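If you want the building blocks of each chain, they are given just below.
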Amino acid sequence: METRLMNVSPEAFDAIRPYRDEEVEEVMARLAEDSEFLTALLRFKFPRLTSSILAPAAKFFISRTIKKHAAKIHSVHDLQLYVEGYMARMLATTTKGLTVDGLENLDPKQSYLFISNHRDIAMDPAMVNYALHTNGMNTVRIAIGDNLLKKSWVTDLMRLNKSFIVQRSAKGVRQMMASFKLLSEYIHHSLKEENHSIWIAQREGRAKNGIDHTDPAIIKMFYMAEKKSDKSFAEVIGSLNLVPVALSYEYDPLDVQKARELATKEQEGEYAKSEFEDIQSIAQGIAGFKGRIHLAFGKPLQAEDLENADVAAKAVDAQIRKLYRLFPSNYLALEALGEEDDIAFPEFDTACSADFNEHLAACPPEYRKHWLTMYANPVKNYLGRL
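A short tour of the structure in this document, coming up. (Residues numbered from 1 in each chain as written. Predicted model: local features only at pLDDT ≥ 70, side-chain atom pairs only at ≥ 80, totals over all residues. Heavy atoms only, no water.)

### Some remarks on the packing of helix α13 (residues 328-336) against helix α15 (residues 368-382)
Running from N to C, α13 and α15 cross one another at 110°; their axes reach a closest spacing of 7 Å. When the interaxial angle is binned, α13 and α15 end up roughly perpendicular. Residues Ser329, Asn330, Tyr331, Ala333, Leu334 and Ala336 of α13 pack against Leu372, Tyr375, Ala376, Pro378, Val379 and Lys380 of α15. Residues belonging to the contact of α13 with α15 are distributed by class as follows: nine nonpolar, two polar and one charged. (Axes fitted to C-alpha atoms, helices over the stretch in contact; angles between N-to-C directions. Helix = DSSP H or I, 4+ residues; strand = E, 2+ residues; numbered from the N terminus. Parallel < 35°, antiparallel > 145°, perpendicular 65-115°, else oblique. Contact = heavy atoms within 4.5 Å. Nonpolar A, V, L, I, M, F, W, Y, C, P; charged D, E, K, R; others polar.)

### Here we look at the packing of helix α2 (residues 35-45) against helix α3 (residues 55-70)
Where α2 contacts α3, the two axes come as close as 9 Å, and the packing angle between them is 105°. Judged by the inter-axis angle, α2 sits roughly perpendicular to α3. Across from Ser35, Phe37, Leu38, Thr39, Leu41 and Leu42 in α2, the residues of α3 making contact are Ala55, Ala58, Lys59, Ile62, Ser63 and Ile66.

### Here's the deal with the layout of surface pockets
Size it by volume and the second largest pocket reaches roughly 160 Å³. For the second largest pocket, the full set of lining residues is Met177, Lys181, Lys220, Tyr223, Met224, Lys227, Lys228 and Phe233. Elements represented by at least two residues in the lining of the second largest pocket include exactly α7 (173-193) and α8 (216-223). Of the residues in the lining of the second largest pocket, the class split is four nonpolar, no polar and four charged. (1 Å grid on protein atoms, 1.4 Å probe; cavity = no way out; pocket = protein on both sides within 12 Å on 5 of 7 lines; lining within 4 Å. Points joined across faces, edges and corners; volume = space filled by probe spheres on them.)

### Some details on helix α1 (residues 24-32)
Working note: α-helix, 3.6 residues per turn, so residues spaced by three or four point in the same direction. Listing the buried residues of α1 in full gives Val24, Val27, Met28, Leu31 and Ala32. The buried side chains of α1 occupy one side of the element, clustering within an arc of 140° when seen end-on. (Buried < 20%, exposed > 50% of the residue type's maximum accessible area, 1.4 Å probe, protein only. Arc of directions from axis to C-beta.)

### Things to note about a nonpolar patch on the surface
Taken together, Val173, Met176 and Met177 make up a surface patch of nonpolar side chains, about 270 Å² in accessible area. Relative to the helices and strands, Met176 resides in helix α7. Looking at Met176, the relative accessible area reads 31%, which means it is partly exposed. (Patch = residues over 30% accessible without salt bridge, like charges linked within 9 Å, V, L, I, M, F, W, Y side chains within 5 Å. Areas by Shrake-Rupley, 256 points an atom, 1.4 Å probe, with all protein chains shown as cover. Salt bridge = Lys/Arg side-chain N within 4 Å of Asp/Glu carboxyl O.)

### Description of the packing of aromatic side chains
Under the defined criterion, the tally for this structure stands at eleven aromatic pairs. Taking the centre distance of 5.3 Å and the plane angle of 70° together, the rings of Phe13 and Tyr186 count as edge-to-face. With Phe13 in the segment before α1 and Tyr186 in helix α7, this pair connects stretches of sequence that are 173 residues apart. Of the two residues, Phe13 and Tyr186, both sit in the buried class. Among the aromatic side chains, those forming a connected cluster through ring pairs are Tyr251, Phe356, Trp371 and Tyr375. In this structure, Arg89 is placed above the aromatic ring of Tyr86, and the distance from its NZ or CZ to the ring centre is 4.8 Å. Above the ring of Tyr382, the side-chain terminus of Lys322 is found at 4.8 Å from the ring centroid. (Phe/Tyr/Trp six-rings, centres within 6.5 Å; stacked < 30°, edge-to-face > 60°. Lys NZ or Arg CZ within 6 Å of the ring centre and 35° of its normal.)

### A look at the side chain of Asp278
In this fold, Asp278 is placed in helix α11 (residues 277-287). Look at Asp278 and you get buried, because its relative accessible area is 10%. Not counting the four nearest positions on each side in its chain, Asp278 is found in contact with Ile121, Asn147, Leu148, Arg206 and Lys273.

### Details of empty space enclosed by the protein
Throughout the structure, instances matching the rule amount to five cavities of 30 Å³ or more. In this model, the largest cavity occupies a volume close to 110 Å³. When residues in the lining of the largest cavity are grouped by element, the largest group, three residues, is from α15. Taken together, the residues of the lining of the largest cavity break down into six nonpolar, two polar and four charged. Considered as a void within the structure, the second largest cavity measures approximately 60 Å³ in volume. Lining the second largest cavity are Arg206, Lys208, Leu254, Gln257, Lys258, Glu261, Tyr271, Glu277 and Ser281. Ranked by residue count, the leading element in the lining of the second largest cavity is helix α10 (residues 255-268), at three residues. Here the residues of the lining of the second largest cavity are counted per class, giving two nonpolar, two polar and five charged.

### Here's the deal with the state of the cysteines
Scanning the model with the defined rule gives zero disulfides in all. Unpaired in this structure, Cys352 has its nearest cysteine sulfur neighbour in Cys363, at a distance of 20 Å. Judged by its relative accessible area of 0%, Cys363 is buried. (Disulfide = S-S within 2.5 Å.)

### Re the nonpolar core
Counting 64 residues, the largest nonpolar core has Leu113, Ile187, Ile219, Phe222, Ile237 and Leu242 as its most contacted members. Those residues in contact with Ile237 that sit more than four places away from it in its chain are Ile219, Phe222, Tyr223, Leu242 and Leu306. Among the nonpolar cores identified, the runner-up in size contains 26 residues, and Ala126, Ala131, Val140 and Phe297 belong to it. (Core = buried A, V, L, I, M, F, W, Y, C linked by side-chain atoms within 4.5 Å.)

In structure tokens form, the structure reads like this:
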């Protein structure tokens, strides 16, 4: 039986897909002239100049620099090779190294649907891409919510870097279902028609409390593209080669901000983000210290894991829980909370404890309970206590 997916024209995805090679030069030229983008770069690189008399000259210099580099960029691959240098520099200056496990589970000729835990807006998929690229594999297309795309230049940057848009802002049940169906169809199209892998978070939003949990609704969305076919749920999801991915950061550059948000919600019932808080989070996640980072690719889900969305979500959770790398910061946080009585702790040197205490001291006292809980929860999760 022919499915509806087979009748979907690629043009149907134009509003959400990443930019194609033939669009790169035009988009780069547009960014080089975008005043808000240039101001954002100025604020990030030279904050003291932002409101000074030299700001226009500095923006002109930044624009010329972008145009100079853009002259050498004619495809998405060219852009990612350019970004690779910045990634290597970022890893050298803001981390104590990236380790990777599980690449042996992957066939370089095969496309995969990587479903990942989610701690950082930009760094999570960037780490996956960096690991794949440096090991001779193709990079992934990245699912990103339209809540992050409040400025045209942000949309351009994300779509240049192989991001596609999850339309979370759709209004009403009918529009929302149509958006999710289109998203599902695009994921199937990318994986099956273009043999291009996908990265998507296991749930909407970052796990600010340190608890990694897969939302079954994500799995159900994957099924929507072929829901009206004669294929079973297990057949449809199995055809996507779904691979769990676990990212572990020794320290989160946004830990204080996340703890503040959790504390505010607890005290006031809600937390209202500032207009460009997500964009600021992206910048801080890139520039902030992360300590050690571990990335682990799991094994493709098997038929017994795919009976329904709930079973599949639990299978993803089980792999991520075991793949997650626990650092001294996780155990020391549990100890600081006084919840370590029956847990066997690894031994840490004094340097680990000193680093941990320094990071804890940087967190205002009123947020420390949530800060500690965020780091302690992965230990509880690993032990199956959450």
